[in-house]
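# A closer look at the structure
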Amino acid sequence: TMEGALFGVVPPAPPAGLDNPEPDTTVSDRESIERATLAAPCTACHRIFDPSGFTLGHFAADGSYRESDHGVIDTTGSRYINSGNDVVEFDGIADFGQKFADSCPATLGFSDAFLRAALALNGASPGNSDELFQSSRERVQQAFVNGGRTYIALVTAYIQSPAGLRP
């Protein structure tokens, strides 16, 4: 999810036994998702994860650009920040990017997402991955910020962290 990649927010697994409904192809993708996730238990998580994804409404599931999805494209949304005390509203991916690029939650979340991806790519076992993540997280976040939020700073911090130095 975008929330995972940009803010390090990992969605919980869907409840056991819950079947995903077939998409309603008679309405826009957004409306289909909103209808399918309107009721509990879906709405609790989808109200957090869907708005950032809706910013990409101009792109179809196959990645192609589109001007219309059943006559509309609605890329608006809002996201709570600062532990849910403030709301940031946005319209489209460019506006979303401008409003969150320099935010602390995005900076720290992005470094968390990088760390989780690096651990997975380097074959850390699920049980060991959590321990390595916790022991390396603060160092990687701090190095990312101190290094001007560059990819090089992330990679260097990872390599020098307990996760990167593990045998």
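Residues numbered from 1 in each chain as written. Predicted model: local features only at pLDDT ≥ 70, side-chain atom pairs only at ≥ 80, totals over all residues. Heavy atoms only, no water.

### A look at the overall build of the protein
Of the regular secondary structure elements, the protein holds 8 helices and 2 strands. Reading the protein from its N end, one meets helices and strands in the order α-α-α-β-β-α-α-α-α-α. Projected onto its principal axes, the C-alpha coordinates of the protein cover approximately 55 × 40 × 35 Å. Expressed as a percentage of contacts within the protein between residues at least 6 apart in sequence, the contacts between residues at least 24 apart total 53%. For the protein, the accessible surface area stands at approximately 10300 Å², while carbon and sulfur atoms represent 57% of it. (Helix = DSSP H or I, 4+ residues; strand = E, 2+ residues; numbered from the N terminus. Contact = heavy atoms within 4.5 Å. Areas by Shrake-Rupley, 256 points an atom, 1.4 Å probe, with all protein chains shown as cover.)

### Quick notes on the packing of helix α5 (residues 104-121) against helix α6 (residues 126-146)
Contact pair α5 / α6: the axes reach a minimum separation of 9 Å and the direction vectors enclose 135 degrees. Comparing their axes, α6 and α5 come out oblique. The handedness of the crossing between α5 and α6 comes out as right-handed. Residues Thr107, Leu108, Phe110, Ser111, Asp112, Leu115, Arg116 and Leu119 of α5 form the contact with α6, whose participating residues are Ser129, Asp130, Leu132, Phe133, Ser136, Arg137, Val140, Gln141, Phe144 and Val145. Here the contact of α5 with α6 is composed, by residue class, of 9 nonpolar, 5 polar and 4 charged. (Axes fitted to C-alpha atoms, helices over the stretch in contact; angles between N-to-C directions. Parallel < 35°, antiparallel > 145°, perpendicular 65-115°, else oblique. Left-handed = near helix turned anticlockwise from the far one by under 90°. Nonpolar A, V, L, I, M, F, W, Y, C, P; charged D, E, K, R; others polar.)

### So, helix α7 (residues 151-160)
Regarding α7, the residues found buried are Ala153, Leu154, Ala157 and Tyr158. Taken around the axis of α7, the buried residues stretch over an arc of 130 degrees, which confines them to a single face. Facing away from the buried side of α7, by more than 90 degrees, are the exposed residues Tyr151 and Ile152. On its buried face, α7 sits against α5, α6 and α8 (162-165). (Buried < 20%, exposed > 50% of the residue type's maximum accessible area, 1.4 Å probe, protein only. Arc of directions from axis to C-beta.)

### Here we look at the nonpolar core
Generally speaking, soluble globular proteins have nonpolar side chains that are buried together. Within the largest apolar cluster, 13 residues are counted, with the highest numbers of intra-cluster contacts made by Leu115, Leu119, Tyr158 and Ala163. Breaking this core down by element, the ones donating at least two residues are α5, α6 and α7. Among the nonpolar cores identified, the runner-up in size contains 8 residues, and Met2, Phe7, Val88 and Phe96 belong to it. (Core = buried A, V, L, I, M, F, W, Y, C linked by side-chain atoms within 4.5 Å.)

### Quick look at a nonpolar patch on the surface
Judged by side-chain polarity, Leu56, Phe59, Tyr65 and Ile93 come together as a nonpolar surface patch covering roughly 360 Å² of accessible area. Structurally, tyrosine 65 can be placed in the loop between α3 (42-54) and β1 (76-81). Residue tyrosine 65 is classed as partly exposed on the basis of its relative accessible area, which comes to 49%. (Patch = residues over 30% accessible without salt bridge, like charges linked within 9 Å, V, L, I, M, F, W, Y side chains within 5 Å. Salt bridge = Lys/Arg side-chain N within 4 Å of Asp/Glu carboxyl O.)

### Structural notes on the side chain of threonine 107
Topologically, threonine 107 is positioned in helix α5. Classification of threonine 107 by relative accessible area gives buried; the value is 8%. Once you skip the residues sitting within four places of it in the chain, threonine 107 turns out to touch Ala101, Phe144, Val145 and Arg149.

### Re the pairing of β1
In the case of a regular strand, side chains alternate between the two sheet surfaces. Every second residue of β1 is oriented toward a common face, the buried set being Gly77, Arg79 and Ile81 and the non-buried set Thr76, Ser78 and Tyr80. Pairing of β1 with strand β2 (residues 86-91) involves 6 bridges; the strand directions are antiparallel. Each bridged residue has a counterpart across the sheet, and for tyrosine 80 the counterpart in β2 is valine 87. (Pairing = 2+ DSSP bridges.)

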